Amino acid sequence: MREIIRFAWGTSSLGDFMIAMSKKGLVALEFNLRRAATEEALRVRFTEADVLDSQTDLVNIVELVRRAIEDPCFDPDLPLDLRGTAYEITVWKMLQSIPAGKTTNYGALAAELGTRDARDVTEAIARNPIAVLVPCHRVIKKDGSISGYRWGVKRKRALLALEQNGKDFRLE
DNA sequence: GAATTGTCACCAG
DNA sequence: CTGGTGACAATTC
C-alpha cells in the first residue's frame, strides 16, 4: 500500500514556503524560490509514496503554519511526522523545547545529549526537514554569530530578530 | 570578517 | 570495523 504525501504552498513575510503532510503529520516545511525543484525533492525523498498537490485540502494547515512563521508565540499545535535516525529525532525534539526568543549553541545541546562533539548535533540539526516548527534557527554558535542555515542565513537572522524584538515578552 | 586546525560521534558500507 | 564528514570551537591574522 502506497503512502500518500500531500503538499501545498503558502506565502509569508519570509518568502514562499511549501508544506507536506503524510497521514501522520507534517513531514516537511521548506522555504524555496523554485517550486518545481522543491516538489521534485519531495518526490525523491518519498519515492515509495504518491506525492499529490493538495492546495485546496491544506489551506487550513497552510494558514496555521503561516501564522506560526509570522508570530513566534503562536503555537500551531500540528502533529509532526519526524523521519530520521534515532539520533536526529532526539535532537529535533530538543529543539522544539527551546522557548521562543531564546537561543542556545551547538555545544550546549551536545553536552545535554552526553556527547562531547558539537558537530554531530549540528549535522542532525542541518537535516531537519521542518523549518521554523523545529526551531533550528534558535541554535547559533558559541560566540553568538550565525554560521549557517539551510534556508539561508538571511532568513535565520530575520526569524531571530522577529522573536527577540518579540511583541509580548517584556519582563526584565 | 576569513582562513586554519584539532577533533570525534555519527552513519553508511 | 573503517573512513568520510561536518550549520563547531578556539585561535590567529
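Computed from a predicted structure; not experimentally measured.

(A) Summary view of the overall build of chain A. Tallying secondary structure elements over chain A gives 6 helices and 6 strands in all. When its helices and strands are written in sequence order, chain A yields β-β-β-α-β-α-α-β-α-α-β-α. A compact globule built from 172 residues should have a C-alpha radius of gyration of about 16 Å, and chain A, at 16 Å, falls within 12% of that. Along the three orthogonal principal directions, the C-alpha set of chain A runs to about 50 × 35 × 25 Å. Going through the 172 residues of chain A one by one, you find that 43% of them count as buried. By sequence separation, contacts in chain A at least 24 residues apart represent 57% of the contacts at least 6 residues apart. Summed over its atoms, the accessible surface of chain A is roughly 9600 Å², and 51% of this surface lies on carbon and sulfur atoms.

(B) Region of interest: the protein's contact with DNA strand C. Every one of the 17 residues lining DNA strand C counts as a neighbour, but Tyr 106, Arg 119, Thr 122, Lys 141 and Lys 142 are closest to it. Here the atoms of DNA strand C within 4 Å of the protein split so that 40% fall in sugar or phosphate, with bases taking the remainder. Within the side chain of Ser 147, an N or O atom sits 3.5 Å from a phosphate oxygen of DNA strand C. For the surface near DNA strand C, the elements supplying multiple residues, two or more each, are α4 (106–113) and α5 (118–126). Classifying every residue of the surface near DNA strand C gives 6 nonpolar, 5 polar and 6 charged.

(C) Structural context of the pattern of salt bridges. Enumeration according to the criterion identifies 11 salt bridges in this entry. Arg 127 is the salt-bridge partner of Glu 123, the closest N and O atoms lying 2.7 Å from each other. We classify Glu 123 as partly exposed; its relative accessible area is 44%. Residue classification places Arg 127 among the partly exposed residues on the basis of a relative accessible area of 44%. Connected through shared salt-bridge partners, Glu 3, Lys 24, Asp 81 and Arg 83 make up one network.

(D) View of α4. Inspection of α4 places Tyr 106, Leu 109 and Ala 110 among the buried residues, and these make up the whole buried set. Along the axis of α4, the buried residues cluster in a sector spanning 100°; they form a single face. Seen from the open side of α4, the exposed residues pointing more than 90 degrees away from its buried face are Ala 111 and Glu 112. The N-cap residue of α4 is Asn 105: its side-chain oxygen and the backbone nitrogen of Gly 107 are 3.1 Å apart. Where α4 ends, the next residue or the one after it, Gly 114, has phi of about 85°, a positive value.

Scoring rules and cut-offs
Residues numbered from 1 in each chain as written. Chains lettered and ligands numbered in written order. Predicted model: local features only at pLDDT ≥ 70, side-chain atom pairs only at ≥ 80, totals over all residues. Heavy atoms only, no water. Helix = DSSP H or I, 4+ residues; strand = E, 2+ residues; numbered from the N terminus. Rg over C-alpha atoms; globule rule 2.2 N^0.38 Å. Buried < 20%, exposed > 50% of the residue type's maximum accessible area, 1.4 Å probe, protein only. Contact = heavy atoms within 4.5 Å. Areas by Shrake-Rupley, 256 points an atom, 1.4 Å probe, with all protein chains shown as cover. Near = heavy atom within 4 Å. Polar contact = N/O pair within 3.5 Å; in protein donor to acceptor, adjacent residues only side chain to side chain. Nonpolar A, V, L, I, M, F, W, Y, C, P; charged D, E, K, R; others polar. Salt bridge = Lys/Arg side-chain N within 4 Å of Asp/Glu carboxyl O. Arc of directions from axis to C-beta.

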